[in-house]
Amino acid sequence: MPPPESDFSHGAAHSPGAAPSPGPSRDDQADRVTDPVTDPGDSRRAGAGSSGPDAPNGPAGRATARLAAYLADAGLAWEAGARPGEVVVTVPGERKLTTIVSLLVRDELTSVSAFVIRNPDENHAEVYRFLLRRVMRRPLLGYAVDAAGDVYARAQVPTEAVDAAYLDLLMGAVLEAADAPFNDLLVLGFLTSMKREWAWRVARGESLANLEAFRSILSGAEDDPAYAVPPLPPDPLPPEPLPPEPLPPE
């Protein structure tokens, strides 16, 4: 059996189902919007909203109005989240097809969380070292992991600072943190799975289109005994025809 197709459903190429993205069977990346610090529970979205969160007169309400205006001006798709004050935004990317960003607006602080990648299959220390080195060179955001080991980009900002200019800077930083390192994270944390997928596709004559960005790394895996693909079982023989029914006696 090849790795599940959901493990390689998004990525570097721009076509649907482009480069491999480790998407665990337990979730779709597009639904991973839980803030791993402020809300470790379920944050599945509860329908679209046209007016955003409630409380229009407080700092959170004013910030939400500015956020809604910014999203409309930027042409970004959004919907109300499951939690009061939450807005869930879909941001198109280059290496990932989309990054889903949760903004949880409160009177004092607004938290921002974006799913980056699921818990690596391997090489955890190198993955975390890579992310920590990126944090030293990036403004506004850091990385966090939830109880399952899945990686998020996360920030908390003063709600009063949430205006169009700050949101533009913040959303750009979120996209850079979640999208730009994606292929590097795949190679660091999922290389064995990717080689196994490559070998299986070559053996079965399947398309390699969404793995082309990794050809220089994956090519040759089809000849490695570690990733050998068993031959397809032979087609079963058709059942033997039933004997004719005997004629009734005269």
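Coordinates for the structure precede this section.
Just so it is clear, the model here is predicted, and its values are computed rather than measured. (Residues numbered from 1 in each chain as written. Predicted model: local features only at pLDDT ≥ 70, side-chain atom pairs only at ≥ 80, totals over all residues. Heavy atoms only, no water.)

Here helix α1 (residues 59-74) crosses helix α3 (residues 164-179) at 65 degrees, and the two axes come no closer than 10 Å. Note on packing geometry: the crossing formed by α1 with α3 is right-handed. Contacts from Arg 66, Leu 67 and Tyr 70 in α1 reach Ala 164, Leu 167, Asp 168 and Met 171 in α3. (Axes fitted to C-alpha atoms, helices over the stretch in contact; angles between N-to-C directions. Helix = DSSP H or I, 4+ residues; strand = E, 2+ residues; numbered from the N terminus. Left-handed = near helix turned anticlockwise from the far one by under 90°. Contact = heavy atoms within 4.5 Å.)

Another aspect to go through is the pairing of strand β6 (residues 151-158). Counted residue by residue, β6 has six buried out of eight residues, so it is predominantly covered. Pairing of strand β4 (residues 109-117) with β6 involves eight bridges; the strand directions are antiparallel. Bridged to Ser 113 within β6 is Arg 154. Once strand β5 (residues 142-145) ends, the chain turns through five residues before running back antiparallel as β6, passing Gly 149 with a positive phi of about 90 degrees. (Buried < 20%, exposed > 50% of the residue type's maximum accessible area, 1.4 Å probe, protein only. Pairing = 2+ DSSP bridges.)

Turning to the nonpolar core, a few remarks are in order. Judged by nonpolar contacts, the single largest core of 44 residues is most densely connected at Val 89, Val 101 and Ile 117. Those elements that provide at least two residues to this core are α1, β2 (86-92), β3 (98-105), β4, α2 (124-136), β6, α3 and α4 (182-204). (Core = buried A, V, L, I, M, F, W, Y, C linked by side-chain atoms within 4.5 Å.)

Let us now look at the sheet that holds β3. Taken in spatial order, the six strands line up as β1-β2-β3-β4-β6-β5 in an open sheet, and their pairing is antiparallel. Each edge of the open sheet carries a strand with a single partner, namely β1 (77-80) and β5. Taken pair by pair, the neighbouring strands of this sheet meet at an average axis angle of 25 degrees, ignoring direction.

Right, let's get into the packing of α2 against α4. Packed helix pairs are specified by the crossing angle of their axes together with the interaxial distance, meaning the distance between the axes. Interaxial distance between α2 and α4 falls to 8 Å at its minimum, and their mutual angle equals 155 degrees. In terms of their interaxial angle, α2 and α4 are classed as roughly antiparallel. Between α2 and α4 the crossing geometry is right-handed. On α4, the residues touching Glu 126, Val 127, Phe 130 and Leu 131 of α2 are Asp 184, Leu 185, Leu 188 and Gly 189. The residue inventory of the contact of α2 with α4, partitioned by class, reads five nonpolar, one polar and two charged. (Parallel < 35°, antiparallel > 145°, perpendicular 65-115°, else oblique. Nonpolar A, V, L, I, M, F, W, Y, C, P; charged D, E, K, R; others polar.)

Function cannot be inferred from these measures alone, as they are strictly geometric.
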